[in-house]
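Residue-level structure breakdown
Residue strings, one per chain:
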Amino acid sequence: MSLYPDDGANAETLLRHAETAMMHAKEAGRSNYQFFARHMNVAAHERLAVESALRRGLDNGEFELHYQPICDLRTRTPVEFEALLRWRPPGRDAAVAPMEFIAIAEDSGLIVPIGEWVLREALGRARRWQQVRPGLKIAVNVSATSSRGRISSNGCAPS
């Protein structure tokens, strides 16, 4: 909800602010309503900025995978690796934490091309590693919003 005159002096502004409040209400769950507040615009603009930067990052190759070993405790040797997605936009010293961008990628639909990139990279790495050490596996976390089935490290998808 947005209220005249506090939230806007004309119908266009009031409708835009009411829509922003509605989006916040939907995020909060069912049977909910929200009154517009100025901070909602800040959050919406920040979210759009992250979405735009994600699109740019995908186009500019700013994503990378790190491989965390999963070891056999008896032999202390890696038996599997988990592929971990990292995003390193230019001008940042550290990677952006997945908690800061995965939900936005899912909501915007960008999780699909990002997930496809992750799978291509991880499968390519698995192929190279299996030439040296047959049977070595790579685990990949796939978003529920972008997957229709599981894909194993040998590239086979169940039907």
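1. Points about the overall build of the chain
Check the secondary structure of the chain and you find four helices and three strands. For the chain, the N- to C-terminal ordering of α and β elements is α-α-β-β-α-α-β. On C-alpha atoms alone, the chain measures out to a radius of gyration of 21 Å, which is more than a quarter above the 15 Å that the 2.2 N^0.38 rule sets for 159 residues. Each of the 159 residues in the chain was classed as buried or not, and the buried ones make up 28%. Partitioning the contacts of the chain with sequence separation of at least 6, the portion at a separation of at least 24 is 47%. Counting every atom, the chain has about 11100 Å² of accessible surface; 53% of that belongs to carbon and sulfur.

2. Focus on the pattern of salt bridges
Scanning all chains against the criterion turns up five salt bridges. As a salt-bridge pair, Arg55 and Glu51 come within 2.8 Å of each other at their nearest N and O atoms. On the criterion of helical spacing, the pair formed by Arg55 and Glu51 is a turn pair, its members being four residues apart in helix α2 (residues 38-59).

3. Side note on the side chain of Glu62
By the element assignment, Glu62 lies in the loop between α2 and β1 (63-72). Although buried, Glu62 forms no salt bridge, and the nearest oppositely charged side chain, Arg56, lies 5.5 Å from it. In this structure the side chain of Glu62 is engaged in a polar contact, spanning 3.1 Å, whose partner is the side chain of Trp87.

4. Quick look at the confidence of the model for the chain
On average, residues of the chain score 85 in pLDDT, and 91% of them reach the 70 mark or higher. Segment residues 148-159 is flagged for pLDDT under 50; beyond a separation of four residues in sequence, or across chains, it makes 16 contacts in the model.

5. Concerning a nonpolar patch on the surface
On the surface, a cluster of nonpolar side chains totalling about 420 Å² of accessible area is made up of Met1, Leu3, Tyr33 and Phe35. Looking at where Leu3 falls in the secondary structure, it is placed in the segment before α1 (11-28). You can call Leu3 partly exposed: its relative accessible area is 43%.

6. A short note on helix α4 (residues 111-132)
End to end, α4 covers 31 Å across 22 residues, agreeing with the expected 32 Å (1.5 Å per residue, within 8%). Among the residues of α4, those classed as buried are Ile111, Ile114, Trp117, Val118, Leu119, Ala122, Leu123, Gly124 and Ala126. Of the surrounding secondary structure, the elements contacted by the buried residues of α4 are α2, β1, β2 (77-87), α3 (98-108) and β3 (137-140).

Calculation notes
Residues numbered from 1 in each chain as written. Predicted model: local features only at pLDDT ≥ 70, side-chain atom pairs only at ≥ 80, totals over all residues. Heavy atoms only, no water. Helix = DSSP H or I, 4+ residues; strand = E, 2+ residues; numbered from the N terminus. Rg over C-alpha atoms; globule rule 2.2 N^0.38 Å. Buried < 20%, exposed > 50% of the residue type's maximum accessible area, 1.4 Å probe, protein only. Contact = heavy atoms within 4.5 Å. Areas by Shrake-Rupley, 256 points an atom, 1.4 Å probe, with all protein chains shown as cover. Salt bridge = Lys/Arg side-chain N within 4 Å of Asp/Glu carboxyl O. Lys, Arg positive; Asp, Glu negative; His and termini not counted. Polar contact = N/O pair within 3.5 Å; in protein donor to acceptor, adjacent residues only side chain to side chain. pLDDT = per-residue confidence, 0-100. Patch = residues over 30% accessible without salt bridge, like charges linked within 9 Å, V, L, I, M, F, W, Y side chains within 5 Å. Expected span 1.5 Å × (residues − 1).

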